[in-house]
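Commentary on secondary and tertiary structure
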Amino acid sequence: MKQQHALYSYQYLFKISSTSPVFIKKMITLFLNSLTEYMIDLERQMNARNLIELQKIIHKLKPSVLSLEVKGAKEDLASIDAATSWNEQVQESVERLLHTFNTIKPLMQQDLETYGDE
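This structure is a prediction, so every number in the text was calculated from the model and none was measured. (Residues numbered from 1 in each chain as written. Predicted model: local features only at pLDDT ≥ 70, side-chain atom pairs only at ≥ 80, totals over all residues. Heavy atoms only, no water.)

**A word on the overall build of the chain**
- What the chain contains, in helices and strands, is five helices and zero strands.
- Counting from the amino terminus, helix and strand elements in the chain follow one another as α-α-α-α-α.
- Computed over C-alpha atoms, the radius of gyration of the chain comes to 15 Å, within 12% of the 13 Å expected from 2.2 N^0.38 for 118 residues, which places it in the range of a compact globule.
- Principal-axis analysis of the C-alpha atoms places the extent of the chain at approximately 45 × 20 × 20 Å.
- Considering only residue pairs separated by 6 or more positions, the chain has 63% of its internal contacts joining residues 24 or more positions apart.
- With the model as given, the accessible surface of the chain reaches about 6800 Å², and the carbon-plus-sulfur share is 52%.
- Computed over 13 positive and 15 negative side-chain charges, the inter-centroid distance for the chain is 5 Å. (Helix = DSSP H or I, 4+ residues; strand = E, 2+ residues; numbered from the N terminus. Rg over C-alpha atoms; globule rule 2.2 N^0.38 Å. Contact = heavy atoms within 4.5 Å. Areas by Shrake-Rupley, 256 points an atom, 1.4 Å probe, with all protein chains shown as cover. Lys, Arg positive; Asp, Glu negative; His and termini not counted. Charge placed at Lys NZ, Arg CZ, Asp CG, Glu CD.)

See the structure below:
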């Protein structure tokens with residue numbers, strides 16, 4: 001499994017795990033399992049334009065997204081976190097996050113399937 005991808009990175013996982021395949025697979029699996037739920041919640045709060053609930057979701061999601069160094073996500077998370085009302089910037093940040101998550105999810109699933117086969 002490559003540690004560095006164009007849209008995300010496993011470098012932190014490899015660093016903290018001493019490259020333990022069991023740990024790395026478990027962490028990626030946990031992230032992927034929670035990602036679907038987070039995406040549903042993000043979309044629901046975006047449609048409802050509920051900034052308070054959106055920010056709660058962001059706080060739960062943030063550690064995983066940052067540790068996987070998901071490209072562009074740090075800025076979008078910070079933008080949402082700093083917002084005081086729903087605005088175009090919040091809307092665009094949520095849309096970008098959803099697009100990014102939809103893009104990386106199948107890539108990470110493929111990583112899991114091929115991990116150890118290299």
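**A look at the nonpolar core**
- Residues L42, L54, V94, F101 and M108 are the most contacted members of the largest nonpolar core, which totals 35 residues.
- Going through the elements one at a time, helix 1 (11-17), helix 2 (21-48), helix 3 (51-67), helix 4 (73-82) and helix 5 (88-114) are the ones with two or more residues in this core.
- The element contributing the most residues to this core is helix 2, with nine residues. (Core = buried A, V, L, I, M, F, W, Y, C linked by side-chain atoms within 4.5 Å. Buried < 20%, exposed > 50% of the residue type's maximum accessible area, 1.4 Å probe, protein only.)

**Overview of helix 2**
- Between its first and last C-alpha, helix 2 extends 40 Å over 28 residues, near the 40 Å set by a 1.5 Å rise per residue.
- Where helix 2 bends most, at L35, the angle is about 30°.
- Within the span of helix 2, buried status applies to I24, I28, F31, L32, L35, Y38, M39, D41, L42, Q45 and M46.
- In the segment just after helix 2, R49 is the residue with positive phi, at about 55°. (Expected span 1.5 Å × (residues − 1). Bend = angle between axes of the 7 residues up to and from the residue.)

**Describing the packing of aromatic side chains**
- All chains considered together, the criterion is met by one aromatic pair.
- A ring pair is formed by Y8 and Y10, whose centres lie 5.4 Å apart and whose planes are at 65°; its orientation type is edge-to-face. In terms of burial, Y8 and Y10 fall into one category: buried. (Phe/Tyr/Trp six-rings, centres within 6.5 Å; stacked < 30°, edge-to-face > 60°.)

**A word on the pattern of salt bridges**
- By the definition in use, this model includes four salt bridges.
- A salt bridge links D41 to R44; the nearest nitrogen and oxygen atoms lie 2.9 Å apart. Highlighted residues: D41 and R44, both in helix 2, separated by three residues, approximately one helical turn.
- A salt bridge links R96 to D76; its shortest N-O distance comes to 2.7 Å. Residue R96 is located in helix 5, and its partner D76 is located in helix 4; the two are separated by 20 residues in the primary sequence.
- The class for R96 is partly exposed, based on a relative accessible area of 40%.
- What makes D76 buried here is its relative accessible area of 7%. (Salt bridge = Lys/Arg side-chain N within 4 Å of Asp/Glu carboxyl O.)

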